[in-house]
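So the chains spell out like this:
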Amino acid sequence: MAHLRLRKFNTRDVYGPQALDNDVCMVVRAGNHVYLRGQTGFDLQNRFVGAGDPAAQAEQAMSNAKVLLEEAGAKVEHIVQLHIYLLDRAHRNLVYPVIGRHLKGVFPVMTGLIIAGLAIPEMLVEIDVTAVIPAEER
């Protein structure tokens with residue numbers, strides 16, 4: 001199977017004032033590996049949710065991840081790795097419980113990073129997800 005690229009778009013349609021022009025997609029399935037674009041407070045219709053609320057943004061990001069994984073033929077249980085980008089260390093206490101609720105019993109590896117900024121000032125959290133579909137479920 002060639003790489004499956006789902007929900008293709010151009011960054012100019014999301015980040016208009018930044019004058020970006022990059023063809024990207026929300027999810028790539030390469031064999032049994034599934035890679036999600038960093039998920040934020042944007043819902044899957046490009047509406048921003050949770051301005052000023054890192055927990056609400058994390059909730060939206062994890063909800064998006066579930067939908068995108070399913071569209072690629074994967075499940076939340078197949079998640080093997082997450083990278084969590086936060087703008088404030090104090091947000092860990094708000095964001096990590098949301099992620100933990102969505103991943104209860106999954107046990108992925110996870111790396112959290114405190115960074116200076118994300119694509120737009122309203123974003124407080126971004127979550128990268130990688131999943132591997134077991135051979136018996138392909």
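What comes next is a walk through the structure.

Take the layout of surface pockets next. Taken as a whole, the largest pocket spans an internal volume of roughly 180 Å³. Every residue lining the largest pocket is counted, 14 residues in all, and those nearest its centre are Phe9, Met26, Arg37, Asp43 and Asn46. Breaking the lining of the largest pocket down by element, the ones donating at least two residues are β1 (4-10) and β3 (33-39). Per-element accounting of the lining of the largest pocket gives the leading share, three residues, to β3.

A word on the packing of aromatic side chains. Tallied over the entire structure, the rule returns one aromatic pair. Between Arg92 and the ring centre of Tyr96, over which it is positioned, the NZ or CZ distance is 4.9 Å.

Turning our eyes to something else, we now look at helix α2 (residues 92-102). Taken together, the buried positions of α2 are Val95, Val98 and Ile99. Along the axis of α2, the buried residues cluster in a sector spanning 95 degrees; they form a single face. Opposite the packed face of α2, turned more than 90 degrees from it, sit the exposed residues Asn93 and Arg101. Next to the buried residues of α2 lie α1 (54-71), β4 (79-86), β5 (109-114) and β6 (125-132).

Running from N to C, α1 and α2 cross one another at 25 degrees; their axes reach a closest spacing of 8 Å. Our classification of the angle between α1 and α2 gives roughly parallel. For the pair α1 and α2, the sense of crossing is right-handed. Two secondary-structure elements touch here, α1 through Pro54, Ala55, Ala58, Glu59, Met62 and Ser63 and α2 through Leu94, Val95, Val98, Ile99, Arg101 and His102. Considering only residue class, the contact of α1 with α2 consists of eight nonpolar, two polar and two charged.

What follows covers the pairing of β5. Note that β4 and β5 share six bridges and pair parallel. Considered in β5, the bridge of Ile84 is made with Gly112. After leaving β4, the chain enters α2 and then returns to the sheet as β5, a path that is right-handed.

The rules we used
Residues numbered from 1 in each chain as written. Predicted model: local features only at pLDDT ≥ 70, side-chain atom pairs only at ≥ 80, totals over all residues. Heavy atoms only, no water. 1 Å grid on protein atoms, 1.4 Å probe; cavity = no way out; pocket = protein on both sides within 12 Å on 5 of 7 lines; lining within 4 Å. Points joined across faces, edges and corners; volume = space filled by probe spheres on them. Helix = DSSP H or I, 4+ residues; strand = E, 2+ residues; numbered from the N terminus. Phe/Tyr/Trp six-rings, centres within 6.5 Å; stacked < 30°, edge-to-face > 60°. Lys NZ or Arg CZ within 6 Å of the ring centre and 35° of its normal. Buried < 20%, exposed > 50% of the residue type's maximum accessible area, 1.4 Å probe, protein only. Arc of directions from axis to C-beta. Contact = heavy atoms within 4.5 Å. Axes fitted to C-alpha atoms, helices over the stretch in contact; angles between N-to-C directions. Parallel < 35°, antiparallel > 145°, perpendicular 65-115°, else oblique. Left-handed = near helix turned anticlockwise from the far one by under 90°. Nonpolar A, V, L, I, M, F, W, Y, C, P; charged D, E, K, R; others polar. Pairing = 2+ DSSP bridges. Right-handed = clockwise from strand over helix to strand, strands pointing away.

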